[in-house]
Amino acid sequence: MHLPARLMKRYSGIGLITALILTSGCDDPQPAPQPEPVQQQPTPVSAPITAESLAALETFRRRSTELLDGLVVCTETLETLGEQFLQQTDTTNLEAVQAQWQACFDLYRASTLLRGFTQAHRQALQAARNNLGQPLVMPGFIDRVSGYPYSGIVNDASLLLDESNLRQQHGLTDETEVSIGFSVVAFLLWGEQRQQPELPARPVTDYEPATLWDDGFTDLPIEAHPNNRRRHLLELALRLLTKDSQALRNLWQSGEFPSSETAAEAWRRQQIQAMLTALEQQPDNTQVSTHLAAWLADGAIPGLPPATDAPSADQPAPLRQQLSRALESGAGQRVPTEPG
């Protein structure tokens, strides 16, 4: 059928309009699919610590406090021996103080394996240990050293020697500025020879009380004489050693236990790892092996089954066996140790 041209134009126009309508419809954006509602997962709540776990922690704290009690008694005896040495400055009394220092330092080093039960407890213990165990990197901060005969607190007559000032000087501007603790007492007792055996030992005459200045004309009071200040500094350092040992023990006893089973389990694993590390890093320290062996035998270490129990599914790591092997292999020759 042949259509007139005007009709063809008409139909063409209608087709074009229809096409435009259809095309414009295709250009309309389709509604975005709505996401499935997200199911809010409940935040897991750790179970509160059980009475059984609390009892185990209390048992361990009680038994481990015995180590810190020993440290306190040891430093009290060290202080007494120091007083006797200052009253009678001879080699025999000096050697007695040195031997007691070593015994106390071994106890302190062993006590560093004890981890605080919470983050706040660990931080408090670390602050207390900074007063006891900071190494003396710059001994010239305390007393004379080779090439510097007038260095250190001993020779600084402008600094009043008392407990407050000694504590203030400790880490005043830098952690290498150490004025209290085991390393200070060691340097006062041994001098540079402790770390440099080729040097001569500190003579006991360094601690003899001075009544006159050597040059005969120094106008400073005789209390400012290096010998007298050295005597006073040793007396103060020993006293603070006892006080800070007592503070460390009290902090360990007063620390709060973890509030949940998850936190308690994390502490148990960290504590056992600290024990293994101590055996590895302190093979010369019999205080570590002696106390760990006693705690292990008595079942006082949380997280370890009794000796007669076989390893269970919830304890894949044979921690008891690890400690036992470490204790067996750690027995060795006793050698002198340094503060640190």
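Residues numbered from 1 in each chain as written. Predicted model: local features only at pLDDT ≥ 70, side-chain atom pairs only at ≥ 80, totals over all residues. Heavy atoms only, no water.

Caption draft 1: Seen up close, the overall build of the chain. The secondary structure content of the chain amounts to 10 helices and 0 strands. Secondary structure elements of the chain, listed N to C terminal, follow the sequence α-α-α-α-α-α-α-α-α-α. Here the chain holds 340 residues, and the buried ones make up 41% of them. Taking contacts inside the chain between residues at least 6 apart in sequence as the whole, the part at least 24 apart equals 73%. Carbon and sulfur atoms make up 56% of the accessible area of the chain, which amounts to about 19200 Å² in all. (Helix = DSSP H or I, 4+ residues; strand = E, 2+ residues; numbered from the N terminus. Buried < 20%, exposed > 50% of the residue type's maximum accessible area, 1.4 Å probe, protein only. Contact = heavy atoms within 4.5 Å. Areas by Shrake-Rupley, 256 points an atom, 1.4 Å probe, with all protein chains shown as cover.)

Caption draft 2: Seen up close, the environment of Arg129. Relative to the elements of secondary structure, Arg129 occurs in helix α4 (residues 119-133). When its relative accessible area of 11% is taken as the criterion, Arg129 is described as buried. Between the alpha carbons of Arg129 and Ser111 there is a distance of 9.7 Å; along the sequence they are 18 residues apart. Among all residues touching Arg129, those that are not within four sequence positions of it are Tyr108, Ser111, Thr112, Leu114, Gln134 and Leu248.

Caption draft 3: Main features of helix α3 (residues 91-111). With 21 residues, α3 should reach 30 Å at 1.5 Å per residue; the first-to-last C-alpha distance of 30 Å fits that figure. In terms of burial, α3 is a largely internal element, 15 of the 21 residues being buried. (Expected span 1.5 Å × (residues − 1).)

Caption draft 4: Region of interest: the state of the cysteines. Inspection of every chain in the model, using the stated rule, returns 1 disulfide. Between the sulfur of Cys74 and that of Cys104 lies a disulfide, 2.2 Å long from S to S. Looking along the S-S bond of the Cys74-Cys104 disulfide, the torsion reads about -100°, which is the left-handed sense. One end of the pair, Cys74, is in helix α2 (residues 51-87); the other, Cys104, is in helix α3, and 30 residues separate them in sequence. For Cys74, a relative accessible area of 7% gives the class buried. (Disulfide = S-S within 2.5 Å.)

Caption draft 5: Local environment of the side chain of Gln282. Structurally, Gln282 is set in the loop between α8 (261-281) and α9 (286-297). A residue is classified by how much of its surface remains accessible, and Gln282, at 10% relative accessible area, is buried. A polar contact of 2.9 Å, which involves the side chain of Gln282, links it to the side chain of Asn285. Once residues within four sequence positions are removed from consideration, Gln282 is found in contact with Arg109, Ala110, Thr112 and Val288. (Polar contact = N/O pair within 3.5 Å; in protein donor to acceptor, adjacent residues only side chain to side chain.)

Caption draft 6: Broad picture of the nonpolar core. With 73 residues, the main nonpolar core has Trp101, Ile142, Phe182, Leu234 and Trp295 as its most contacted residues. Residue assignment for this core shows that the elements contributing at least two residues are α2, α3, α4, α6 (182-190), α7 (226-254), α8, α9 and α10 (319-329). Among the elements that line this core, the one with the most residues is α2, at 10 residues. Look past the residues within four positions of Ile142 in its chain and what remains in contact with it is Leu136, Gly152, Ile153, Val154, Val178, Ser179, Val184, Phe187, Leu188 and Leu233. (Core = buried A, V, L, I, M, F, W, Y, C linked by side-chain atoms within 4.5 Å.)

Caption draft 7: Geometry of the pattern of salt bridges. Counted by the stated rule, this structure contains 17 salt bridges. In this structure, Arg63 engages Glu66 in a salt bridge whose closest nitrogen and oxygen atoms are separated by 3.4 Å. With a gap of 3 residues between them, Arg63 and Glu66 both fall in helix α2, about one helical turn apart. For Arg63, a relative accessible area of 14% translates into the label buried. Residue classification places Glu66 among the partly exposed positions, given a relative accessible area of 41%. (Salt bridge = Lys/Arg side-chain N within 4 Å of Asp/Glu carboxyl O.)

Caption draft 8: How the structure looks around the packing of aromatic side chains. Enumeration over the complete set of coordinates arrives at 13 aromatic pairs. Ring geometry for Trp101 versus Phe105: centroids 4.9 Å apart, planes at 20°, classification stacked. Within this pair, Trp101 and its partner Phe105 are both found in helix α3, separated by 4 residues, close to a single helical turn. Residue Trp101 is classed as buried on the basis of its relative accessible area, which comes to 0%. (Phe/Tyr/Trp six-rings, centres within 6.5 Å; stacked < 30°, edge-to-face > 60°.)

Caption draft 9: Examining the environment of Ala157 more closely. Relative to the helices and strands, Ala157 is located in the loop between α4 and α5 (163-169). With relative accessibility at 36%, the residue Ala157 sits in the partly exposed group. In sequence terms Ala157 and Glu223 are 66 residues apart; their C-alpha atoms lie 8.9 Å from each other. Setting aside residues no more than four positions away along its own chain, Ala157 makes contact with Leu220, Ala224 and Arg229.

Caption draft 10: How the structure looks around the confidence of the model for the chain. In the predicted model, the chain carries a mean pLDDT of 84, and 79% of its residues have values of at least 70. Below pLDDT 50 for its whole length, residues 1-30 participates in 2 contacts with residues either more than four positions away or in separate chains. For residues 308-317, every residue scores under 50 in pLDDT, and the model assigns this stretch 6 contacts once sequence neighbours within four places are set aside. (pLDDT = per-residue confidence, 0-100.)

Caption draft 11: Examining the environment of Trp213 more closely. Mapped onto the elements of the fold, Trp213 is located in the loop between α6 and α7. For the pair Trp213 and His225, spaced 12 residues apart in sequence, the C-alpha to C-alpha distance is 7.0 Å. Those residues within four positions of Trp213 in sequence are excluded, and the remaining contacts are Thr218, Leu220, Pro221, Ile222, Ala224, His225 and Pro226. Within the local environment of Trp213, its side chain forms a polar contact with the backbone oxygen of Leu220, the two atoms lying 2.9 Å apart.

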